[in-house]
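Tertiary structure, described
Listed below are the residues making up each chain.
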Amino acid sequence: ALYERMFSMFQNLIPYETCFVLNHDRPGIMRCFSATENSFEGTDWEVDGALKKALMGKPVAVFNAASLPSWPTFTGQPDKIPTSVLYCPFRIDDQLSIMVFCARDLGFYTQKHVSLAERYREFTEQTVLSVNAKLQALESEKLRAEKIRVEETMFKSEKMASLGLLAAGVAHELNNPVAYIKSNIEFLSDTAPMLDELIG
């Protein structure tokens, strides 16, 4: 949802046919984990010269992406194959990611787009930080609600245990006099015939 918002926000600033985000996966390889086109998601990208420049923190425009060794070979609809690319780096939680803007026209991205990407990189980072802070706040709120629920359950359990102890105590207190009376009645019923004989 976060990247979908970023994609739609950038659509008005830097036009694109396709947009996706690359993250470090393993040495020399980046992986696409969010994209406007499903066919890009989960694809691996070799870190070539253009990506290396972007990983140094500066946006990079590529006139013809097909000339890059890391650019995947696309099959299917040739009219939808992106050729012009703009790599825009941004940092989240000390991890550098690359937002990749793609257009079908050769040389579509110019120095104007590179400057725009540079200006809005900080804005992107701040947006991501803000959304992450909101998500953490929601998580904290959820944890707080769960803690309250557990405390209420424990309180109810303690109340039930206390009621159980109270009931056992009351039963015990009632049982003592009843047992005393019963044992006296039994004693009297056993001794009454003997007393009757003695008196009679």
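Because the structure is predicted, anything quoted here is derived from the model rather than measured.

Calculation criteria
Each chain carries its own residue numbering, running from 1 in the direction its sequence is written. Reporting in this predicted model follows two pLDDT cut-offs: at least 70 for local features of residues, and 80 or more for side-chain atom pairs to be given and counted; totals over whole chains, interfaces and linings ignore these cut-offs and use all residues. Excluded from the side-chain calculations are hydrogens and water; all other atoms, namely the structure's heavy atoms, are used. Strands here mean DSSP runs of E at least two residues long; helices mean DSSP runs of H or I at least four residues long; both are numbered from the N terminus. Here the term buried applies to any residue with accessible area under 20% of the maximum for its type, exposed to any over 50%, and partly exposed to those in between, with areas from a 1.4 Å probe on protein chains only. Working definition of accessibility: Shrake-Rupley area with a 1.4 Å probe, residue cover restricted to the visible protein chains. The predictor rates its confidence in each residue with pLDDT, a number between 0 and 100. Any two residues whose heavy atoms approach within 4.5 Å at even a single point are treated as in contact. Polar contacts here mean pairs of N or O atoms no more than 3.5 Å apart (in protein, one a potential hydrogen donor and the other a potential acceptor; neighbouring residues in sequence count only if both atoms are side-chain atoms). Counted as salt bridges are all cases of a side-chain nitrogen of Lys or Arg within 4 Å of a carboxyl oxygen of Asp or Glu.

For the rest of this paragraph, the subject is the overall build of the chain. Across its full length, the chain holds three helices and six strands. Beginning at the N terminus, the succession of helices and strands in the chain can be written as α-β-β-β-α-β-β-β-α. For the chain, with 200 residues in total, the buried portion stands at 31%. Summing over all exposed atoms, the chain offers an accessible surface of approximately 13,300 Å²; the carbon and sulfur share of this is 58%.

In this section: the confidence of the model for the chain. Looking at the chain as a whole, its pLDDT mean stands at 78, while 83% of the residues score no less than 70. Averaged pLDDT values over the elements of the chain bottom out at 73 in helix H1 (residues 2-11) and peak at 91 in strand E4 (residues 60-62).

Within the secondary structure, phenylalanine 7 sits in helix H1. For the pair phenylalanine 7 and cysteine 19, spaced twelve residues apart in sequence, the C-alpha to C-alpha distance is 6.8 Å. What phenylalanine 7 contacts, discounting residues up to four positions off in sequence, is Tyr16, Cys19, Phe20, Val21, Ser34, Ala35, Thr36 and Met99.

A word on the side chain of asparagine 23. Among the secondary structure elements, asparagine 23 is positioned in strand E1 (residues 18-26). Side-chain polar atoms of asparagine 23 contact the side chain of serine 97, separated by 2.2 Å. Setting aside chain neighbours within four positions, we find asparagine 23 in contact with Ile29, Met30, Arg31, Phe33, Gln95, Leu96 and Ser97.

Scanning the entire structure with this criterion turns up five salt bridges. Across the pair arginine 31 and aspartate 25 runs a salt bridge, and its minimum N-O distance is 3.9 Å. With a relative accessible area of 32%, arginine 31 lands in the partly exposed category. Judged by its relative accessible area of 38%, aspartate 25 falls in the partly exposed class. Arginine 26 serves as the salt-bridge partner of aspartate 44, at 3.1 Å between the closest nitrogen and oxygen. In this pair, aspartate 44 sits in strand E3 (residues 44-46) while arginine 26 sits in strand E1, placing the two residues 18 residues apart along the sequence. On the basis of relative accessibility, which here comes to 40%, the residue arginine 26 falls in the partly exposed class. Look at the salt bridges and you will find they share partners, linking Asp25, Arg26, Arg31 and Asp44 into a network.

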